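# Coordinate inspection notes
Listed below are the residues making up each chain.
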Amino acid sequence: MPKNENRLNRIDEELKKEISHIITFELKNSNVTGMISVTRVKITPDLKYAKVYVSIYNSKNIKHTIDALNKSAGFVRTQVAKKVNLRITPEIIFEIDDSLEYGAKIDSIIKELNIKQNEE
């Protein structure tokens with residue numbers, strides 16, 4: 001693994017921790033509903049953009065919540081700039097992480113196949 005890759009991974013983890021804290025304790029947007037969990041952060045090699053993948057539970061409307069998060073991205077970026085010491089603070093883009101639902105779907109398919117196989 002190249003040295004730069006290690007640095008990017010460390011930055012990803014640091015951003016994940018800080019953004020998660022900011023969303024949970026500092027964000028005061030009434031359109032952001034439900035429990036939001038930052039699952040991972042992927043920063044571009046030039047450090048200009050960071051994709052923040054979130055899982056949203058118990059939300060009234062997931063699409064509205066993602067839109068509200070993206071509207072609040074400027075505030076989140078400002079808070080990150082205060083807490084994380086980077087020369088360039090990346091622009092933040094929120095995306096829904098559906099890997100948990102995907103995993104649950106795959107799991108249910110496997111269980112179904114096992115039940116059918118046991119019936120035969």
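From a predicted model like this one, the values you see are computed outputs, not experimental measurements.

Once that is clear, we can look at unusual backbone geometry. One non-glycine residue, L47, adopts positive backbone phi at about 65°. Secondary-structure assignment places L47 in the loop between β1 (35–43) and β2 (49–57). Judged by its relative accessible area of 11%, L47 falls in the buried class.

This brings us to the pattern of salt bridges. Applying the stated criterion across every chain, the model contains five salt bridges. E26 serves as the salt-bridge partner of K83, at 2.4 Å between the closest nitrogen and oxygen. Placement of the pair is K83 in helix α3 (residues 73–83) and E26 in the loop between α1 (3–25) and β1, with a sequence separation of 57 residues. Assessed through its relative accessible area of 35%, K83 is described here as partly exposed. Across the pair D67 and K63 runs a salt bridge whose closest N-O atoms are separated by 3.4 Å. Of the two residues, D67 and K63 are both situated in helix α2 (residues 62–71); the distance of four residues between them amounts to about one turn of the helix.

A separate point is the packing of aromatic side chains. For the structure on display, the rule yields zero aromatic pairs. The aromatic ring of Y53 is capped on one face by R40, whose charged end is 4.1 Å from the ring centroid.

Sheet architecture is open: three strands sit in the order β1-β2-β3, paired in mixed fashion. If you trace the sheet from one side to the other, it starts and ends with β1 and β3 (91–96), each paired once. The mean inter-strand angle of the sheet, taken between neighbouring strand axes irrespective of direction, is 30°. In this structure, β1 lies alongside β2, joined through eight bridges in antiparallel fashion. Note on β2: the bridge partner recorded for I36 is I56.

Attention shifts here to the nonpolar core. Across soluble globular proteins, nonpolar side chains have a tendency to be buried as a group. Ranked by internal contacts, the top residues of the largest apolar core, which has 27 residues, are I19, V54, L69 and F94. For this core, the secondary structure elements donating two or more residues are α1, β1, β2, α2, α3 and β3. At six residues, α1 tops the list of elements feeding residues into this core. Leaving out residues up to four positions away in the same chain, V54 has contacts with I36, S37, V38, T39, I66, L69, F94, E95, I96 and D97.

A separate point is α3. Among all positions of α3, only A73, V76, Q79 and V80 are buried. Buried residues along α3 cover an arc of 125° about the axis, so they all sit on one side.

How each quantity is defined
- Residues numbered from 1 in each chain as written.
- Predicted model: local features only at pLDDT ≥ 70, side-chain atom pairs only at ≥ 80, totals over all residues.
- Heavy atoms only, no water.
- Helix = DSSP H or I, 4+ residues; strand = E, 2+ residues; numbered from the N terminus.
- Buried < 20%, exposed > 50% of the residue type's maximum accessible area, 1.4 Å probe, protein only.
- Salt bridge = Lys/Arg side-chain N within 4 Å of Asp/Glu carboxyl O.
- Phe/Tyr/Trp six-rings, centres within 6.5 Å; stacked < 30°, edge-to-face > 60°.
- Lys NZ or Arg CZ within 6 Å of the ring centre and 35° of its normal.
- Pairing = 2+ DSSP bridges.
- Axes fitted to C-alpha atoms, helices over the stretch in contact; angles between N-to-C directions.
- Core = buried A, V, L, I, M, F, W, Y, C linked by side-chain atoms within 4.5 Å.
- Contact = heavy atoms within 4.5 Å.
- Arc of directions from axis to C-beta.

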